[in-house]
Structures are given as structure tokens and as C-alpha cells.
Amino acid sequence: MYEFQAKDRIYLKSRSFSNTNLVCHGFTGRLGGVSQGNICGLNLGFRVQDNPDSVRENYRLVAEDLALCYPRIVLAKQTHTDTIRLVTEADAGKGLTAPSDIEDTDGLITNLTNTPLMVFSADCVPLLFLDPETKVIAAIHAGWRGTVKGIAAKAVSMMQTHFGCDPKNILVAIGPSIGPCCLTFDPEDAAVFPSRYLSQGENGKVLVDLWAMNQDQLTNVGVLPQNIDQSKVCTVCRADRYYSYRTHKEHTGRQGAVIMLR
Ligand SMILES: [Zn+2]
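What comes next is a walk through the structure. Because the structure is a prediction, the values reported are computed rather than measured.

A few words on the coordination of the zinc ion. Every protein donor of the zinc ion is accounted for by C181 (SG), C182 (SG), C234 (SG) and C237 (SG), and the metal-donor separations fall at 2.3 Å. Taken together, the 4 donor atoms coordinating the zinc ion span angles of 106 to 113° at the metal, a pattern that classifies the geometry as tetrahedral. All donors of the zinc ion come from a single chain, and their spacing in sequence reads C-C-x51-C-x2-C. Here C234 lies in the loop between β14 (228-230) and α6 (245-248) and C181 lies in the loop between β10 (171-174) and β11 (184-185), a separation of 53 residues in the sequence. Here C181 falls in the partly exposed class, since its relative accessible area comes to 43%.

The following block contains the structure:
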């Protein structure tokens, strides 16, 4: 991953994605943007306490910085499912410039050009996918629930089934999200995770490693380890730069992960 700065807005990008010259992409942060008050910054969430006009302006800034086709940005109403939508021409713009019926959906896949797919998060794990051979992209939101449901592996499986992608060609970028340093659960609640992703935290709490869990799910379905680019940036440790639900509670906005085929 490398940093890309536009004025006071700082993005993370994956070198392997950029090197293909096939996509515009990036992980946004909190700095810059026009949102005011508790959520101040580059908030991309419409379902938080922010002025919708500010949110739309933030989208315009991100689109300009990353050379995205603003009118065709596709958003989903994320609810921690493992539902992934195959985005077609009729979906272009849904959620931002057009009314949307994309509900209870936590992943988007397409082979359409000039159609940015965006997911947002504030601690949850955002993943971007690109198969440079078949020219197929995906954006996935994997909170702990989505990770337990295996949504990242499901994205690979859908890329195979619907577009004939070979997992060994697929590039994945995993963006800023809560790290194994900060994601704590009560021991009884941590039973939903395989024990190899757990470690002992302070005060009887258990630490959970969603980064490793997503990494393993991807390699288990044939993605090559060297094709997975982990930012390893923890949104709680870097809550100065990122929105973090665990840090700011209800006073938090959302950052985005976006990818578009040129
Ligand atoms: Zn941390």
C-alpha cells in the first residue's frame, strides 16, 4: 500500500492494483472533506448524523481525487450480511445519484467499466478485488459478522461462477480496519471465531484477528498470498486519521473503499 495525497485528503492505494492500469481505486480516510461537528471530515455515510449535502460534496471530492465517474457510483445498504450483488447497467448510480433497491447487501461485483463500486466502514474490514485477466472487480464490507460468514471467500466464488475468474489471478487489497491489537470480545462471545484467531487481551477480554481470518479465507479458496495486499492500518490506533466506531461511538462517520474499471 502507498499513500496518495490530494490537498488535505490522504488515501491508501495498492501498488499491485495501480500497476495494472486497469482501475481507479483507493481507501479514503477522515482528513479533509466538508463535514462539520462531531463527524467533521470526509464522511461518506448517509446513515449517520451528517448533512446529506456535505456527504454528497465529500463524494464529489473523492471522485475528483481518484478520477471516478461520480454519477455512476454504486452504494449498497450494508447490514452485515454475506449478500453480494452482481452490479448491472441498471444499477449505475444507485444510492448516490439514483434511488436504490440495493438493500441488505455487503458486497458488489461487476465487469462494467466507469462504474465505481463503493463500500464504507468505521472499523469493519473493507476489501477490494481485481481480476486483471477477466477484468472483474468487487468491493466487500466484512465486519466481524461478515467475516464469520465468509463473505470474502464468497466474493471469489462468485467471480469464478459468474465471470470465469481464476482465483490465482485475483488481486485483493485489505484496507484500514480494526486490528488484532484492538478488537476485543468477551470470552463467551468470541466462541464464534476459530480459536486460532484469538489471543489473550487485558481484563479477561479476548483479542480477535479479522485480518488473518480474511487472509486465510482467501488463500483457502486459491488466492495467492503474494496477491493479498494488507494495509495493516488499525482504525482504532489511528482514530486521528480514520473514523472508528469503537472509538467515537455514534459520533462517527464512515470512510470508503472504492474501485472502478477504466
Ligand atoms: Zn489497534
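As a further point, take the layout of surface pockets. Its boundaries defined by the atoms lining it, the largest pocket holds a volume of some 830 Å³. As for the largest pocket, its lining consists of 31 residues, of which R47, Q78, H80, H141 and R254 are closest to the centre. When contributions to the lining of the largest pocket are tallied by element, the ones reaching two or more residues are β7 (117-121), α3 (144-149) and α6. Taken together, the residues of the lining of the largest pocket sort by class into 13 nonpolar, 9 polar and 9 charged.

Moving on, we get to the sheet that holds β10. If you trace the 6 strands from one edge of the open sheet to the other, you get β5-β6-β9-β8-β10-β14, paired in mixed fashion. The open sheet terminates on both sides in strands that have one partner only, identified here as β5 (84-86) and β14. Within the sheet, the average angular offset between the axes of one strand and its neighbour, ignoring direction, is 15°. Two elements, strand β8 (residues 125-131) and β10, share 4 bridges in a ladder whose sense is antiparallel.

What follows covers the packing of aromatic side chains. Across all of its chains, the model carries 5 aromatic pairs by this definition. Each ring, one from F46 and one from Y59, has its centre 5.8 Å from the other, and the planes form 5°; the classification is stacked. Residue F46 is located in the loop between β3 (23-27) and α2 (52-66), and its partner Y59 is located in helix α2; the two are separated by 13 residues in the primary sequence. The class of Y59 is buried, set by a relative accessible area of 0%. Members of the aromatic cluster, each reached through a chain of ring pairs, are W144, F185 and F193. If you follow K13 out to its NZ or CZ, it ends over the ring of F4, 5.1 Å from the centre. Above the face of the Y2 ring, R15 is positioned so that its terminal group lies 3.8 Å from the ring centre.

This brings us to the packing of helix α4 (residues 151-163) against helix α5 (residues 210-220). The geometry of α4 relative to α5 is characterised by a closest axis approach of 8 Å and an angle of 25° between their N-to-C directions. Considered as vectors, α4 and α5 are oriented roughly parallel to each other. Seen along the crossing, α4 lies across α5 with a hand that is right-handed. The residues of α5 that touch α4, namely those facing I151, A152, A153 and V156, are N214, Q217 and L218. Across the contact of α4 with α5, the residue classes break down as 5 nonpolar, 2 polar and no charged.

Parameters and conventions
- Residues numbered from 1 in each chain as written.
- Predicted model: local features only at pLDDT ≥ 70, side-chain atom pairs only at ≥ 80, totals over all residues.
- Heavy atoms only, no water.
- Donors = N, O, S within 2.8 Å, 3.2 Å for Na, K, Ca; no water.
- Tetrahedral: all angles 85-135°; square planar, octahedral: opposite > 155°, others 65-115°.
- Helix = DSSP H or I, 4+ residues; strand = E, 2+ residues; numbered from the N terminus.
- Buried < 20%, exposed > 50% of the residue type's maximum accessible area, 1.4 Å probe, protein only.
- 1 Å grid on protein atoms, 1.4 Å probe; cavity = no way out; pocket = protein on both sides within 12 Å on 5 of 7 lines; lining within 4 Å.
- Points joined across faces, edges and corners; volume = space filled by probe spheres on them.
- Nonpolar A, V, L, I, M, F, W, Y, C, P; charged D, E, K, R; others polar.
- Pairing = 2+ DSSP bridges.
- Axes fitted to C-alpha atoms, helices over the stretch in contact; angles between N-to-C directions.
- Phe/Tyr/Trp six-rings, centres within 6.5 Å; stacked < 30°, edge-to-face > 60°.
- Lys NZ or Arg CZ within 6 Å of the ring centre and 35° of its normal.
- Parallel < 35°, antiparallel > 145°, perpendicular 65-115°, else oblique.
- Left-handed = near helix turned anticlockwise from the far one by under 90°.
- Contact = heavy atoms within 4.5 Å.

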